[in-house]
Amino acid sequence: MKNERIIKCKERVQKHGEVLTPKWLVRKMLDSPGIREACNEVATTFLEPSAGEGAFLVEILKRKLKIAAKKYNMSLTQLENYSLLALSSLYGIEILEDNTRICVMNMFQVFFEFYQQQAEKYGKKMKQKVLDSAKVIISANIVQGDFLTKKCSNNEPIAFS
């Protein structure tokens, strides 16, 4: 197990309480009874109120995509639909702008790599409309805001569509 960075800088800890959760701890927490089973349901909704760079959301997405590939593999189209469903069940709120952007990128990277692997497995090309849908879903579901005040960075109420 390599050392993971859990503190970006002292000022961020003091000002925002930012401490990143190491991947080993994320996996251990998500393996807790009840949570493990929820992660294995494609449509179960998760809200991460302090998303950071997406450690929890990324790991949950990986688990959901693995289940989608196992259960919904009659065709690439079926898998695309259930993969997008899995993605659409994940929501995150993050107070810091840079973390929000990183979380969005991390989520898309996991989806892209999974989809690329599955398309190759089926001997097909990835569809741009599926990738575009994934981008729209992630951008809508990962927002910059303060969970405690329930306000976005523009001071509007946090709302997911």
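To start, this report covers the structure provided alongside it. Source: prediction; values computed, not measured.

**Brief notes about helix 7 (residues 128-141)**
No. 1: Between its first and last C-alpha, helix 7 extends 20 Å over 14 residues, near the 20 Å set by a 1.5 Å rise per residue.
No. 2: Turning to helix 7, its buried residues number three or more, namely Val-130, Leu-131, Ala-134, Ile-137, Ile-138 and Asn-141. For helix 7, the angular spread of the buried residues around the axis is 125°, confining them to a single face. Exposed and facing more than 90 degrees away from the buried side of helix 7 are Lys-129 and Val-136.

**Some words on the environment of Lys-121**
No. 1: Relative to the helices and strands, Lys-121 resides in helix 6 (residues 97-122).
No. 2: The exposure class of Lys-121 is exposed, given its relative accessible area of 57%.
No. 3: Separated by 45 residues in the primary sequence, Lys-121 and Leu-76 have C-alpha atoms spaced 9.1 Å apart.

**Thoughts on the sheet that holds strand 2 (residues 90-94)**
No. 1: Strands sit in the order 1-2-3-4 across an open sheet of four strands; the sheet is mixed. Edge strands, defined here as strands with exactly one partner in the open sheet, are strand 1 (46-48) and strand 4 (151-152).
No. 2: Examined bridge by bridge, strand 3 (residues 142-146) and strand 4 share two bridges and lie antiparallel to one another. Note that in strand 4 the partner of Asp-146 across the bridge is Lys-151.

**Some words on the nonpolar core**
No. 1: With 36 residues, the main nonpolar core has Leu-57, Leu-61, Leu-65, Leu-87, Leu-90, Met-107 and Phe-111 as its most contacted residues.
No. 2: Per-element tally for this core: the top contributor is helix 4 (residues 55-71), with nine residues.
No. 3: Among residues more than four places away in sequence, those in contact with Leu-87 are Leu-61, Met-107, Phe-111, Ala-134, Ile-137, Ile-138 and Asn-141.

Procedures and definitions
- Residues numbered from 1 in each chain as written.
- Predicted model: local features only at pLDDT ≥ 70, side-chain atom pairs only at ≥ 80, totals over all residues.
- Heavy atoms only, no water.
- Helix = DSSP H or I, 4+ residues; strand = E, 2+ residues; numbered from the N terminus.
- Expected span 1.5 Å × (residues − 1).
- Buried < 20%, exposed > 50% of the residue type's maximum accessible area, 1.4 Å probe, protein only.
- Arc of directions from axis to C-beta.
- Pairing = 2+ DSSP bridges.
- Core = buried A, V, L, I, M, F, W, Y, C linked by side-chain atoms within 4.5 Å.
- Contact = heavy atoms within 4.5 Å.

Remember that the coordinates give geometry; whether it matters functionally is a separate question.
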